[in-house]
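Listed below are the residues making up each chain.
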Amino acid sequence: MVKCQDVMQAMERIAPRRLAEAWDNPGLLIGSPADEVRKILVALDVREETIEQAIEDGCDLIVAHHPLIFRGLKAVRTDDATGRKIARLIRADIAVFAAHTNLDSAAGGVNDVLAERLGLVSPVSLVDGAADGEPGLGRIGELSAPLSLDDFAAFVKTHLGLSALRVVCAGGRAVRRVALCGGSGAEFIGRAAAKGADVYVTGDVKYHDAERAVGLGIHVLDAGHFATEQPIVASLAARLANALGKAVEIVAETRSSDFFQTY
């Protein structure tokens with residue numbers, strides 16, 4: 001058994017809070033640093049099914065990527081989805097901790113795990129960190145050998161477990177230099193193009209984002225918000241287990257799936 005504070009300190013080493021974007025809300029969102037923790041559930045989101053698994057598995061703490069509480073709350077109402085989840089967690093005595101954009105930027109975080117999954121060699125930050133030498137959002141690196149856009153898209157589908165993805169083709173250029181940003185990263189299409197990427201992999205790409213990419217001559221793969229971030233769950237669970245030892249049991253959430261289904 002450890003204290004919640006011990007988990008918070010371990011997470012600070014894994015994803016330092018100083019790496020979070022100014023608008024973000026990471027940290028302990030429900031519970032007390034003094035809470036005793038015997039079992040942790042690591043998840044991407046705090047969904048109803050996440051809470052259900054935490055209760056059934058006897059977890060004391062959920063460590064999630066996406067913050068359950070993002071903006072200031074003026075009321076906790078149980079006829080509201082967020083309020084209902086907060087009330088349920090408090091009744092079940094389950095604490096919630098989030099590491100969001102700090103885990104995106106951190107070494108070994110969301111974007112490094114995605115870069116490894118997609119076979120990038122020696123990836124570096126796509127966006128400069130807030131301070132010299134600190135990692136920032138996104139990654140850019142090289143494949144070990146060039147691929148056609150079709151072959152690279154098939155590779156991404158296989159390695160992210162996707163049945164389909166959206167491809168923006170910007171001409172006939174081969175894919176060797178790859179930029180990526182897990183989650184919603186369309187805002188960095190221009191930066192990826194400026195840094196010489198042949199293709200940019202992210203999620204939540206809109207119509208005019210695609211139009212801009214074509215104008216810049218960079219392919220874009222919209223692999224979805226969920227699929228580009230979900231790989232962090234197992235990786236973070238393993239890192240926490242290594243950091244905290246046998247004093248606490250750690251499991252990865254298994255019940256959530258992408259909100260978007262392909263028919």
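Scope of this entry: the structure provided in the associated data block. (Residues numbered from 1 in each chain as written. Predicted model: local features only at pLDDT ≥ 70, side-chain atom pairs only at ≥ 80, totals over all residues. Heavy atoms only, no water.)

### Topic: the overall build of the protein chain
Rules: Only DSSP runs of H or I reaching four residues or more are called helices, and only runs of E reaching two or more are called strands; each is numbered from the N terminus. Here the globule rule is a power law, 2.2 Å times the number of residues to the power 0.38, and the radius of gyration is based on C-alpha atoms. Each residue is placed in one exposure class: buried if its accessible area under a 1.4 Å probe, protein chains only, is under 20% of its type's maximum, exposed if it is over 50%, and partly exposed if it falls in between. For accessible areas, the Shrake-Rupley method is used with a probe of radius 1.4 Å. Any residue's cover is judged against the shown protein chains and nothing else.
Summing up its helical and strand segments, the protein chain has ten helices and 13 strands in all. Taken against the 2.2 N^0.38 rule, which gives 18 Å for 263 residues, the C-alpha radius of gyration of the protein chain at 19 Å falls within 12% of a compact globule. In terms of its C-alpha atoms, the protein chain occupies a principal-axis envelope of roughly 55 × 40 × 30 Å. Within the span of the protein chain, comprising 263 residues, buried residues form 51% of the whole. Counting every atom, the protein chain has about 12,400 Å² of accessible surface; 51% of that belongs to carbon and sulfur.

### Section: the pattern of salt bridges
Any two side chains of opposite charge can pair if their charged atoms end up close together. Just so we agree on the cut-off: Whenever Lys or Arg places a side-chain nitrogen within 4 Å of a carboxyl oxygen from Asp or Glu, that contact is recorded as a salt bridge.
A complete count under the given rule lists 15 salt bridges for this structure. In this structure, Glu49 and Arg47 form a salt bridge, with 3.7 Å as the shortest nitrogen-oxygen distance. Taking relative accessible area as the criterion, Glu49 reaches 29% and is therefore assigned partly exposed. On the basis of relative accessibility, which here comes to 7%, the residue Arg47 falls in the buried class. Two residues, Arg88 and Glu52, come together in a salt bridge whose shortest N-O distance is 2.2 Å. On the criterion of sequence distance, the pair formed by Arg88 in helix H3 (residues 81-91) and Glu52 in helix H2 (residues 48-56) is long-range, its members being 36 residues apart.

### Comments concerning the sheet that holds strand E11 (residues 199-203)
For the record, the criterion: A pair of strands is labelled paired if DSSP reports no fewer than 2 bridges between them. Axis angles are defined between N-to-C directions and span 0 to 180 degrees, where every axis is a line fitted to C-alpha atoms and, for a helix, only to the segment in contact. Throughout, a residue-residue contact means that at least one pair of heavy atoms, one from each residue, lies within 4.5 Å.
Strand order in the open sheet formed by six strands is E7-E8-E10-E11-E12-E9, with mixed pairing between adjacent strands. Of all strands in the sheet, those with a lone pairing partner are strand E7 (121-125) and strand E9 (166-168), marking the two edges. Across the sheet, the axes of successive neighbouring strands diverge by a mean angle of 25 degrees, strand direction being ignored. Note: strand E8 (residues 139-147) against strand E10 (residues 175-184), five bridges, orientation antiparallel. Counterpart to Ile140 in the pairing with E10 is Ala179. The sheet strands contacting helix H5 (residues 110-117) are E7, E8 and E10, and the helix crosses E10 at an angle near 140 degrees.

### Digging into the packing of aromatic side chains
Inclusion rule: When the centres of two rings from Phe, Tyr and Trp lie within 6.5 Å, Trp using its six-membered ring, the rings pair. Their planes under 30 degrees apart give stacked, over 60 give edge-to-face, and anything left gives tilted. In this scheme, Lys NZ or Arg CZ marks a charge over a ring once it lies within 6 Å of the ring centre and within 35 degrees of the ring normal.
Applying the stated criterion to the full structure yields two aromatic pairs. Aromatic pair Trp23 and Phe70: ring centres 5.9 Å apart, planes at 50 degrees, arrangement tilted. Of this pair, Trp23 sits in the loop between helix H1 (4-14) and strand E2 (27-30) while Phe70 sits in the loop between strand E5 (61-64) and H3, and the two are 47 residues apart along the sequence. With a centroid separation of 6.4 Å and an interplanar angle of 20 degrees, the aromatic rings of Phe152 and Phe155 are classed as stacked. Residue Phe152 and its partner Phe155 are both found in helix H6 (residues 149-160); the two are separated by three residues, about one turn of the helix. Note on Phe152: relative accessible area 0%, which makes it buried. Here the basic side chain of Arg47 rests over the ring of Phe259, its NZ or CZ set 3.9 Å away from the ring centre.

### Some details on the pairing of E5
Rules: Every crossover in which the path from the first strand over the helix to the second runs clockwise, viewed with the strands pointing away from the viewer, is termed right-handed.
Where burial is concerned, the two faces of E5 agree: the one with Leu61 and Val63 and the one with Ile62 and Ala64 are both buried. Summarising the sheet, strand E4 (residues 39-43) and E5 pair through four bridges and their orientation is parallel. Looking across to E5, one finds that Leu41 is bridged to Ile62. The β-α-β motif built from E4, the intervening H2 and the parallel element E5 has right-handed crossover chirality. Taken together, the four bridges between E5 and strand E6 (residues 95-98) define a ladder with parallel strand orientation. When the sheet's bridge partners are listed, Leu61 is paired in E6 with Ala95. A crossover connection joins E5 to the parallel E6 through H3; in handedness this β-α-β unit is right-handed.

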